[in-house]
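Commentary on secondary and tertiary structure
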Amino acid sequence: MPRIKLELEVNNRKVTKETDTHKRLLDFLRDDLNLTGAKEGCGAGECGTCSVFVDGKLVKSCLMPAAKADGAKIETIEGIAGYGDLTPVQKAFHKTGASQCGYCIPGMVMAATSCLRQNPTASMEEIKERLGGNICRCTGYTKIFEAVEIARSVVAGTAQPALLDEDDPLGESYIGANVRRLDAPSKVTGRLKYAADMKLPDMLQMQVLRSPHAHARIVSIDKSEAEAMDGVECVITADDVPGKDGFGVFVHDQPIMARGKVRHVGEAVAAVAAEDLVTARRALAKIRVEYEVLPGLFDPEDALKDGAPVIHDYAPGNLVKHIPVRKGDPEKGFAEADIILEDDFSTQQVEHAYLEPEAGIAYVDADDVVTVISPSQNITHHRHMLSEIIAKPINKVRFIMSPVGGGFGGKEDMIYQGMLALAAMKTHRPVQLNFTREESLIASAKRHPSRVHYKMGLKWNGRITAISFSMLSDGGAYGMSSEGVMRKAAILSCGPYEVDNLSVDTRAVYTNNTPSGAFRTFGGMQAQFATESMMDMAAEALNMDPFEIRRVNMMRIGSLTHTQQELQTASLDRVLEAAETASRWEKGAPRVRGVTRGDMNGPDTRQPCTLGARIVADAPDLRKGDEPTGGPAAVPDDVKANERVA
């Protein structure tokens, strides 16, 4: 492999070092100089986690060949403060709590530093513009911008430096107080080591061969040519699993690598552990896999049809989980309704997009304990599953949770830790695997896509008499968290509203799509999108204020939930009041405001938006005078078709 000699200055130190010609500046800093503060989040110059200064200019180091840095002066996050006190920008990030998972923070600090170096009195708009090349998935940016504002005031001399060190008074409780994070200094300086930052002596690099097919039987795998390559220490497949192969949060249906057949594009088929990444990647090209392509299943409704392809033999009907909830008498409730609304809602598959791609290290220690280091959100469960997979007693399996560079539920599933453990056991050397962003997108679990059919019966005063709620979710190729998601969706299906009569069914099915798993508010988000949309549609149909219809139906102390739990506390009334007051809500049915609203474009509210305006917004109110609150004549044509009058 050709090499190149670089002579440059890094963090005020002269560096002369040979490196591989293919390396980027980011690789050179991280691998050759062990300056891991600059992170790889996307590898495409989009996220800004790899930002460094090159001759004083902010640069995305993942886009710059290392050779172009020859003779340059480089400054990384480790060098802007050295080993001394934190810079004003770093102190401000600490003060405001701007660093949450911390993975994006070194790049954010570099971008903020660049901004204030170029203009110490930068306006907020300029600050936002100059930080526009950096992405954060945790904070919502507010605290980041607040930190840069504070640092700007100190740098510009309009605020005393002591402001950065002062803490807000604690008072009698930590609740509601601004308490500094203990791990913030390590994050704002880039010293915190995530799994991809860790280096162990004699460590191998792993790469994974992934399926190009969504559904196919594996006829044969020939790994002999890859195993014979210089620098390749091992090639593993499902045949190397010594124990009971299968993992999952609820049902252990997922093998460490495809066993017998592949069930989605991107599923791991084989993995190589080699002396370096280039050798490992070249070895992947030498593995020969013969597939027999099978019919694919990509629509969850098709999964339930007779004769549909079977994804897992244990589930011939492709059903992962069905959760039914029944309360009262829905037929009676609909018969008593003055109006019935019925509609369909769908949500799409969503990528977690955490800034830290999946990464991990495995090794076997001196006591033959198989140890896995990874940003796992469920290490206890993973440990017990891996114990069975590698056929070792639980005291010979150890999981260490590395800092999590964003998870949101997406790192709950053990999709790669088993491969690392097998390779470490086979080579008795540490093995590291770092996903590319493309691998993370293709192989990690997503939010469940869902389809909800919703039927709601109401009285003219807005009281819900009955609900029929049916959700069908695409679980993808493996069960993962689907059962838990369906349980949560069923429990939260009809929102914080007391409904005497309801029928709820939530189902997840297997398909040949990317597996679905946990994602913030899992199940609840999909269900509440449908429920709250129906509440707004009902308010429009009944000519009621959206807050009013929610107050009519909200759960109170003593209410029975959908699962018959009697509430001892309830706060929805206070929540609605606070939201209505804070937003300066303009009362009235959704149709009464026309093209303008008086409660928009004020402090803490968004600017007006006419997207989605209804054609019937100016329709006359034809309510009968003897009807309470709302009335049937205000119902749009698309709702009248389903109207029932008692």
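Every chain begins its residue count from 1, and numbering advances along the sequence as written. Where local features are concerned, this predicted model is filtered to residues with pLDDT of at least 70; where side-chain atom pairs are given and counted, the filter is 80 or more; whole-chain, interface and lining totals use all residues. Side-chain numbers come from the whole structure's heavy atoms, not from hydrogens or water.

**Notes on the environment of Gly-406**
Quick note on the threshold: Counting from the N terminus, the helices are the DSSP runs of H or I reaching at least four residues and the strands are the DSSP runs of E reaching at least two. Whether two residues are in contact is decided by their heavy atoms: any pair within 4.5 Å suffices.
Along the chain, Gly-406 turns up in the loop between strand 16 (397–401) and helix 12 (417–427). Linking Gly-406 and Phe-334, residues 72 residues apart in sequence, is a C-alpha distance of 45 Å. What Gly-406 contacts, discounting residues up to four positions off in sequence, is Cys-101, Tyr-354 and Lys-411.

**Observations regarding the side chain of Ser-559**
Going by this rule: Polar contact criterion, stated in full: a pair of N or O atoms within 3.5 Å, where within protein one must be able to donate a hydrogen and the other to accept it, and residues adjacent in sequence count only if both atoms are side-chain atoms.
With respect to the helices and strands, Ser-559 occurs in the loop between helix 16 (546–553) and helix 17 (572–582). Among the polar contacts made by the side chain of Ser-559, one reaches the side chain of Glu-498 at a distance of 2.9 Å.

**Regarding the sheet that holds strand 3 (residues 51–54)**
Spelled out, the test is: A pair of strands counts as paired when DSSP detects no fewer than two bridges linking them. Every axis corresponds to a line fitted to the C-alpha atoms, with the helix fit spanning only the stretch in contact, and the corresponding angles, defined between N-to-C directions, vary from 0 to 180 degrees.
Pairing is mixed in the open sheet, where five strands are placed in the order 2-1-5-3-4. The strands lining the two open edges of the sheet, one partner per strand, are strand 2 (13–20) and strand 4 (57–60). For this sheet the average axis-to-axis angle between neighbouring strands, irrespective of direction, equals 40°. Sitting on the sheet, helix 3 (residues 105–118) is in contact with strand 3, strand 4 and strand 5 (73–75), with an inclination near 40° to strand 3.

**Quick word on the side chain of Ser-402**
Selection criterion: When a residue's accessible area, from a 1.4 Å probe over protein chains only, is under 20% of the maximum for its type it is buried; when over 50% it is exposed; and in between it is partly exposed.
Position of Ser-402 relative to the elements: it lies in the loop between strand 16 and helix 12. A relative accessible area of 3% places Ser-402 in the buried class. With residues near it in sequence (within four places) discarded, Ser-402 still touches Ala-195, Met-198, Ile-373, Ser-374 and Pro-375.

**A look at the pairing of strand 4**
Bridging between strand 3 and strand 4 involves four bridges; their strand directions are antiparallel. When the bridges of strand 4 are listed, Ser-51 appears paired with Lys-60.

**Quick look at the sheet that holds strand 11 (residues 288–293)**
In space, the three strands of this open sheet follow the order 9-7-11, with antiparallel pairing throughout. Unpaired on one side and paired on the other, strand 9 (261–262) and strand 11 mark the two borders of the sheet. Sheet topology places strand 7 (residues 216–222) next to strand 11; six bridges connect them, and they run antiparallel. Looking at the pairing, Ile-221 lines up with Val-289 of strand 11.

**Examining helix 11 (residues 379–389)**
What helix 11 keeps buried is the set His-382, Met-385, Leu-386, Ser-387 and Ile-389. Residues of helix 11 that are buried make contact with strand 15 (370–374), strand 16 and helix 12. Once helix 11 finishes, Ala-391 follows within two positions and takes phi at roughly 55°, a positive value.

**Focus: the pattern of salt bridges**
In plain terms, the rule: Every case where a carboxyl oxygen of Asp or Glu lies within 4 Å of a side-chain nitrogen of Lys or Arg is listed as a salt bridge.
The final tally for this structure, using the stated rule, is 43 salt bridges. Lys-426 is the partner of Asp-240 in a salt bridge, and the nearest nitrogen-oxygen pair spans 3.0 Å. Taken together, the residues Asp-240 in the loop between strand 8 (232–236) and strand 9 and Lys-426 in helix 12 connect sequence positions 186 residues apart. Judged by relative accessible area, which is 24%, Asp-240 ranks as partly exposed. Judged by relative accessible area, which is 40%, Lys-426 ranks as partly exposed. With a shortest N-O distance of 3.0 Å, Arg-259 and Asp-245 are connected by a salt bridge. With Arg-259 in the loop between strand 8 and strand 9 and Asp-245 in the loop between strand 8 and strand 9, this residue pair connects regions lying 14 residues apart in the sequence. Judged by relative accessible area, Arg-259 falls into the partly exposed class, the value being 37%. On the basis of relative accessibility, which here comes to 18%, the residue Asp-245 falls in the buried class.

**Here's the deal with the confidence of the model for the protein**
To be explicit about the condition: The score called pLDDT rates the predictor's confidence residue by residue, from a low of 0 to a high of 100.
Within the protein, residue pLDDT values average 93, and 93% of them lie at 70 or more. Between residues 613–646, whose pLDDT stays under 50, and residues either more than four places distant or in other chains, the model counts 63 contacts.

**Some points on the nonpolar core**
Rules: Here, the term nonpolar core denotes a set of buried Ala, Val, Leu, Ile, Met, Phe, Trp, Tyr and Cys residues that are joined through side-chain atoms within 4.5 Å.
If you look at the biggest cluster of nonpolar residues, it comprises 47 residues, and the most contacted ones within it are Tyr-454, Met-456, Leu-458, Ile-467, Phe-469 and Ile-549. If one sorts the elements of this core by residue count, helix 15 (residues 524–541) sits on top with seven residues. The residues contacting Met-456, other than those within four sequence positions of it, are Phe-334, Ile-339, Ile-340, Leu-341, Ile-464, Ala-466, Ile-467, Met-534, Met-535 and Ala-538. Ranked by size, the runner-up nonpolar core spans 42 residues in total, among them Ile-127, Ala-151, Tyr-194 and Tyr-354.

**What to know about the packing of helix 2 (residues 88–96) against helix 5 (residues 142–156)**
Worth spelling out the cut-off: With respect to orientation, any angle under 35 degrees is reported as roughly parallel, any angle over 145 as roughly antiparallel, any angle of 65 to 115 as roughly perpendicular, and every other angle as oblique. When the near helix sits turned anticlockwise from the far one by under a right angle, the crossing is termed left-handed; a clockwise turn instead gives a right-handed crossing. For this classification, Asp, Glu, Lys and Arg are treated as charged, while Ala, Val, Leu, Ile, Met, Phe, Trp, Tyr, Cys and Pro are nonpolar and the rest, including Gly, are polar.
Look at helix 2 against helix 5: their axes get within 8 Å of each other, and the N-to-C directions meet at 135°. The orientation of helix 2 with respect to helix 5, classified from their angle, is oblique. Of the two elements, helix 2 crosses helix 5, and the hand of that crossing is right-handed. Between helix 2 and helix 5, the residues in contact are Pro-88, Val-89, Ala-92, Phe-93, Lys-95 and Thr-96 and Lys-143, Ile-144, Glu-146, Ala-147, Val-148, Ile-150, Ala-151 and Val-155, respectively. Here the contact of helix 2 with helix 5 is built from residues that sort into ten nonpolar, one polar and three charged.

**Some details on unusual backbone geometry**
In this structure, Asp-368 takes a positive phi of about 65° despite not being glycine. If you trace the backbone, Asp-368 turns up in the loop between strand 14 (359–364) and strand 15. Taking relative accessible area as the criterion, Asp-368 reaches 42% and is therefore assigned partly exposed. The backbone of Phe-408 shows a phi angle near 60°, a positive value even though the residue is not glycine. Relative to the helices and strands, Phe-408 resides in the loop between strand 16 and helix 12. Using a relative accessible area of 9% as the deciding quantity, one classes Phe-408 as buried.

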